[in-house]
Amino acid sequence: MISGGCDVVRLAERFGTPLYIFNESVIRQQCRAYRRAFDSYAGGATVAYAAKAFLSQAMAAIVASEGLHLDVVSGGELYTALQAGFPASRIYFHGNNKSDDEIAMACEAGIGSFVVDNPHELARVDLEGRARGRRQRVLLRVAPGIEAHTHEYVRTGTQDSKFGFDLETGQAMDAARLAAAAPGVELAGLHAHIGSQILDTAAMEPLAQVLVALATEIRRETDVVMGELNLGGGAGIQYREEQSPSPTAFARAMGDAVVAACTAADLRLPRLAVEPGRSIVGQAAIAVYRVGAQKHVPGLVPYIAVDGGMGDNIRPSLYGAEYTVVVANRMGAPATQRAHVVGRYCESGDFLARDVSLPSVRTGDLLAFYCAGAYQLPMASNYNRVPRPCVLLVQEGQADVMVERETFADMDARERLPERLRSQSVPAAT
Ligand code: LLP
């Protein structure tokens, strides 16, 4: 198996497993596809990569060099982006519960925009803006009451959601009035995100309509023009056989919906912003595991255990996510069995692929999971005190480490054994 011109089997020998391998060309190709896709929208467009899908300093540097903006949701993501030299002015700061320290940190860094989620945050940003003698640019996040058909846990646009100002009860309009009057804030636009792994873009139409209706009402009441509409991210990718929208199709659905809604409302076209995460980085990586033990019980589907699992990929356990799996050291070998691929963690729910077709597999073989780039490593844990994987960036036959494999010592680095426990006597075993 080859990735980015590198032999995956050799990489696994050299860097160990579990190993995540990101192909730089695929990331760049997706960034460019998104930028190109929005070129045809007449109001101008901003493409921001949603860092929550996967962030490392190298990833931030790639995204910056492709001219994209960045969406961060925490002080930690902001810190990594700034460490990588990502231009602060191209950063959006999201999140439903930003701390006062995070708000101050972001203002201090000079970030481009806050996507404000609640009245408390609006007041804090206003305070920080005034303290610095400037108006901090903000978008208001709206809960539009619109559903895309996605997994319940990744649905974000419904009325009963923890995110954003409620539209129906007038909370969004109240927030706009407050923001328009706040001297430390520049109310620049509206934001909504209706879900992730969206395969059907039909919901963009009602989404654009409700945002444009709100923008119209805000202009009427406050005279402030919503110069930017940010419709969030959410484009799905093909993990197995599903049909996913291309960046072009996604851009067309968003752009057409906004143009139609603005024409109907006689509103000047706003700048359109979009925040893809998964569809930029999801297909760019594979996760490579080594097969260890196997368990065969006559009459039952066998278990193949690998050296990773829910610690580096919680998605199958959490969302029932499914993947395409291959034997990396015997590509093209015909499938001869059904098997469960399970992890090495002490939990029955620790499976990576349930009842999938595979060739016969021996201990020491390498299993590669496609589409491993999004929401796996960012959701990784040290459950069972298992160190997190090594992460590589490959390009034209060259492999560079993006994130070193975690060590036992790394995991213990923040441990403090109080002196009184260190010096206490340990009784002999009875
Ligand atoms: N913008 C906002 C406000 C978001 O909440 C998200 C994702 C995105 C953009 C990017 O969405 P994307 O293009 O990546 O679909 N952990 C889940 C996905 C959670 C998505 C959270 N928000 C998973 O593993 O499927």
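Residues numbered from 1 in each chain as written. Predicted model: local features only at pLDDT ≥ 70, side-chain atom pairs only at ≥ 80, totals over all residues. Heavy atoms only, no water.

## Thoughts on the site of the ligand
The full set close to the ligand counts 20 residues, and Ser196, Glu275, Arg315, Tyr319 and Tyr375 are the nearest of them. Between an oxygen atom of the ligand and a main-chain N or O atom of Gly234, the distance comes to 2.8 Å. Isolated, the ligand exposes 590 Å² of accessible area, and the fraction of that covered by the protein chains is 92%. Considering only residue class, the shell around the ligand consists of six nonpolar, eight polar and six charged. Mapped onto the domain boundaries, the shell around the ligand takes at least three residues apiece from domain 1 (24-281) and domain 2 (283-410). (Near = heavy atom within 4 Å. Polar contact = N/O pair within 3.5 Å; in protein donor to acceptor, adjacent residues only side chain to side chain. Areas by Shrake-Rupley, 256 points an atom, 1.4 Å probe, with all protein chains shown as cover. Nonpolar A, V, L, I, M, F, W, Y, C, P; charged D, E, K, R; others polar. Domains from an automatic or database assignment.)

## Things to note about the environment of Ala293
With respect to the helices and strands, the residue Ala293 is situated in strand β13 (residues 285-295). Assessed through its relative accessible area of 53%, Ala293 is described here as exposed. Each C-alpha atom, one on Ala293 and one on Gln30, is 38 Å from the other, the two residues being 263 residues apart in sequence. With residues up to four places along the chain from it excluded, the contact list for Ala293 reads Tyr303, Ile304 and Ala305. (Helix = DSSP H or I, 4+ residues; strand = E, 2+ residues; numbered from the N terminus. Buried < 20%, exposed > 50% of the residue type's maximum accessible area, 1.4 Å probe, protein only. Contact = heavy atoms within 4.5 Å.)

## A look at the packing of helix α4 (residues 75-83) against helix α5 (residues 100-109)
Where α4 meets α5, the axes come as close as 10 Å, and the angle between the chain directions of the two elements is 25 degrees. Taken as axis vectors, α4 and α5 run roughly parallel relative to one another. By crossing handedness, the relation of α4 to α5 is classed as left-handed. Within the contact between the two elements, α4 uses Gly75, Leu78, Tyr79 and Leu82 and α5 uses Glu102, Met105, Ala106 and Ala109. Grouping the constituent residues of the contact of α4 with α5 by class yields six nonpolar, one polar and one charged. (Axes fitted to C-alpha atoms, helices over the stretch in contact; angles between N-to-C directions. Parallel < 35°, antiparallel > 145°, perpendicular 65-115°, else oblique. Left-handed = near helix turned anticlockwise from the far one by under 90°.)

## Structural notes on the domain arrangement of the chain
Segmentation of the chain into domains returns domain 1 (24-281) and domain 2 (283-410). The gap between the C-alpha centroids of domain 1 and domain 2 is 33 Å. For Glu322, the salt bridge identified is with Arg240, shortest N-O distance 3.4 Å. At the junction of domain 1 with domain 2, the criterion picks out eight residue pairs in polar contact (both at pLDDT 80 or more). At the level of secondary structure, the elements contributing two or more residues to the side of domain 1 that touches domain 2 comprise α2 (24-37), α3 (57-65) and α10 (278-281). (Salt bridge = Lys/Arg side-chain N within 4 Å of Asp/Glu carboxyl O.)

## Some remarks on the layout of surface pockets
Each pocket or cavity is described by its volume, and for the second largest pocket that value is around 480 Å³. Forming the boundary of the second largest pocket are 18 residues, of which Phe54, Leu55, Leu377, Arg388 and Val403 lie nearest the centre. Residue classes in the lining of the second largest pocket are distributed as nine nonpolar, three polar and six charged. (1 Å grid on protein atoms, 1.4 Å probe; cavity = no way out; pocket = protein on both sides within 12 Å on 5 of 7 lines; lining within 4 Å. Points joined across faces, edges and corners; volume = space filled by probe spheres on them.)

## Quick look at the packing of aromatic side chains
Evaluation of the coordinates by the stated rule reveals six aromatic pairs. Aromatic side chains Tyr239 and Tyr323 sit 5.4 Å apart centroid to centroid with 80 degrees between the ring planes, which places their arrangement in the edge-to-face category. One end of the pair, Tyr239, is in the loop between β11 (228-230) and α9 (247-265); the other, Tyr323, is in the loop between α11 (315-319) and β15 (325-327), with 84 residues separating them in the sequence. Residue class for Tyr239 comes out buried when judged on its relative accessible area of 6%. On the basis of relative accessible area, Tyr323 is assigned to the buried category, the value being 2%. Taken together through their ring pairs, the aromatic side chains of Tyr239, Tyr289, Tyr323 and Phe369 make up a single cluster. (Phe/Tyr/Trp six-rings, centres within 6.5 Å; stacked < 30°, edge-to-face > 60°.)

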